[in-house]
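Coordinate inspection notes
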Amino acid sequence: MDNRPIGFLDSGVGGLTVARELMRQLPHEEIVYIGDSARAPYGPRPAEQIREFTWQLVNFLLTKDVKMIVFACNTATAVAWEEVKEALDIPVLGVILPGASAAIKATRAGNVGVLGTPMTIQSDIYRQKIQDLSPETQVLSLACPKFAPLVESNSHQSSLAKKVVYETLGQLKGKVDTLVLGCTHYPLLRPIIQNVMGQGVKLIDSGAECARDISVLLNYFEINHSRTAEKKGHKFYTTASPAAFREIAESWLGSVIDVEHVTL
């Protein structure tokens, strides 16, 4: 047993979609979450800057004595996950491989679409991972630079969000039977994305798939939180406004949380 918390990092609020799934699947575990909303989105930034910001988030989580770090951000995973994983002596999990594996299992015709930030799509990492595992699978990738800002501004249920999603996804309609939400912000737009793509298209939430892999790793390394130990509660930190973060987080998580501001 290991009663230390699990660390989550993201460019903003999107990683809460991963945290929510973990809280549902493993309610006895504790979370320390850091969202870098002040510098979100990461997707349009150069790789070296994303790497620098990601290490700042990692080092912050290490000060909280976490037993595992989850990259709840596809862009950070694409740019820095391999490097961080090799450098640390605790498990470090990214969201891309779980999402890629789930897409391969879900597709019926071998036509998979991937939505992501400009950097994630530019890295080509989803296509590489999918075709490494299933070379015959066809992958169509699409950068969606306007999606994450809609979520960060709490506009994901607005008429503007519907317009942006409709205009962005038009080129994928009818071409894929499975669609990877390759940014942890995108599940908050899921109802609109599903409506645009049609009910016949299977949406893959890379964050939810990642949460399942967390459970596997906790068991493998035997570092589960004791079910009888006293819980200290989840901790949430943001580099931007705690009030804005809390509004989105409480709506998405369905519970009251405490959020602290931190400067990196």
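Everything in this summary refers to the structure shown in the same document. Fair warning: this is a prediction, and the values are worked out from it, not measured in the lab. (Residues numbered from 1 in each chain as written. Predicted model: local features only at pLDDT ≥ 70, side-chain atom pairs only at ≥ 80, totals over all residues. Heavy atoms only, no water.)

1. Notes on the sheet that holds strand E2 (residues 31-35)
- Spatially, the 6 strands line up as an open sheet ordered E4-E3-E1-E2-E9-E10, and their pairing is parallel. The sheet is open, and its two borders are formed by strand E4 (92-94) and strand E10 (259-261), each paired with just one other strand. Taking the axes of each pair of neighbouring strands and ignoring which way they run, one obtains an average angle of 20° across the sheet.
- Sheet contacts for helix H3 (residues 74-87): strand E1 (6-10), strand E3 (68-71) and E4; angle to E4, the most-contacted strand, approximately 160°. (Pairing = 2+ DSSP bridges. Helix = DSSP H or I, 4+ residues; strand = E, 2+ residues; numbered from the N terminus. Axes fitted to C-alpha atoms, helices over the stretch in contact; angles between N-to-C directions. Contact = heavy atoms within 4.5 Å.)

2. Here's the deal with the packing of helix H1 (residues 16-25) against helix H11 (residues 242-253)
- At their nearest, the axes of H1 and H11 sit 10 Å apart, and the two run at 40° to each other. In terms of their interaxial angle, H1 and H11 are classed as oblique. Judged by the sense of rotation from one axis to the other, the crossing of H1 with H11 is right-handed. Contacts between H1 and H11 involve Leu16, Thr17, Arg20 and Met23 from the former and Phe245, Ala249, Trp252 and Leu253 from the latter.
- Of the residues that constitute the contact of H1 with H11, the class distribution is 6 nonpolar, 1 polar and 1 charged. (Parallel < 35°, antiparallel > 145°, perpendicular 65-115°, else oblique. Left-handed = near helix turned anticlockwise from the far one by under 90°. Nonpolar A, V, L, I, M, F, W, Y, C, P; charged D, E, K, R; others polar.)

3. Considerations on the packing of aromatic side chains
- The full count for this structure, using the stated rule, is 7 aromatic pairs.
- Ring geometry for tyrosine 33 against phenylalanine 245: centres 5.8 Å apart, planes inclined by 55°, an arrangement best described as tilted. One end of the pair, tyrosine 33, is in strand E2; the other, phenylalanine 245, is in helix H11, with 212 residues separating them in the sequence. We note that tyrosine 33, like phenylalanine 245, is buried.
- Pairing phenylalanine 60 with tyrosine 237 gives two aromatic rings, centres 5.0 Å apart and planes at 75°, and the pair type is edge-to-face. Residue phenylalanine 60 is located in helix H2 (residues 47-62), and its partner tyrosine 237 is located in strand E9 (residues 235-238); the two are separated by 177 residues in the primary sequence. (Phe/Tyr/Trp six-rings, centres within 6.5 Å; stacked < 30°, edge-to-face > 60°. Buried < 20%, exposed > 50% of the residue type's maximum accessible area, 1.4 Å probe, protein only.)

4. Let's talk about the nonpolar core
- Judged by nonpolar contacts, the single largest core of 51 residues is most densely connected at Phe8, Leu115, Phe147, Ile193 and Ile214.
- If one sorts the elements of this core by residue count, H11 sits on top with 5 residues.
- Leave out the neighbours within four places in its chain, and phenylalanine 8 touches Val18, Ala19, Leu22, Ile31, Val32, Tyr33, Ile34, Leu61, Val70, Ala72 and Ile214.
- Leu9, Tyr42, Leu61 and Tyr237 belong to the second largest nonpolar core, which has 25 residues in total. (Core = buried A, V, L, I, M, F, W, Y, C linked by side-chain atoms within 4.5 Å.)

5. A closer look at the packing of helix H4 (residues 96-106) against helix H10 (residues 206-221)
- Interhelical geometry of H4 versus H10 gives an angle of 105° and a closest axis separation of 8 Å. Viewed along their axes, H4 and H10 adopt a mutual orientation that is roughly perpendicular. Residue-level inspection shows Pro98, Gly99 and Ala102 of H4 in contact with H10, the latter providing Ser206, Glu209, Cys210 and Asp213.
- When its residues are assigned to classes, the contact of H4 with H10 shows 3 nonpolar, 2 polar and 2 charged.

6. Points about the pattern of salt bridges
- Within this structure, the stated rule accounts for 12 salt bridges.
- As a salt-bridge pair, lysine 85 and glutamate 82 come within 3.7 Å of each other at their nearest N and O atoms. Of this pair, lysine 85 and glutamate 82 both sit in helix H3, 3 residues apart, which is roughly one turn of that helix.
- Glutamate 209 is paired through a salt bridge with arginine 212; the nearest N and O atoms lie 3.0 Å apart. In this pair, glutamate 209 and arginine 212 are both assigned in helix H10, 3 residues apart and thus about one turn of the helix distant. (Salt bridge = Lys/Arg side-chain N within 4 Å of Asp/Glu carboxyl O.)

7. Digging into the side chain of asparagine 74
- One can find asparagine 74 in helix H3.
- Taking relative accessible area as the criterion, asparagine 74 reaches 2% and is therefore assigned buried.
- Ignoring any residue separated from it by four or fewer positions in sequence, one finds asparagine 74 in contact with Val95, Ile96, Thr120, Tyr126, Gly182, Cys183, Thr184 and Ser206.

8. Section: the pairing of E9
- Note that E2 and E9 share 4 bridges and pair parallel. Looking at the pairing, valine 32 lines up with lysine 235 of E9.
- The pairing of E9 with E10 spans 3 bridges and is parallel. Bridge pairing in E10 links phenylalanine 236 to valine 259.

9. So, the pairing of E1
- With 5 of 5 residues buried, E1 lies mostly within the body of the structure.
- Judged by which residues are buried, E1 turns out to be covered on both faces: Ile6, Phe8 and Asp10 on one side and Gly7 and Leu9 on the other are all buried.
- Two elements, E1 and E2, share 5 bridges in a ladder whose sense is parallel. Among the inter-strand pairings, leucine 9 is bridged to a residue of E2, identified as isoleucine 34.
- The pairing of E1 with E3 spans 4 bridges and is parallel. For isoleucine 6, the partnering residue across the bridge sits in E3 and is methionine 68.

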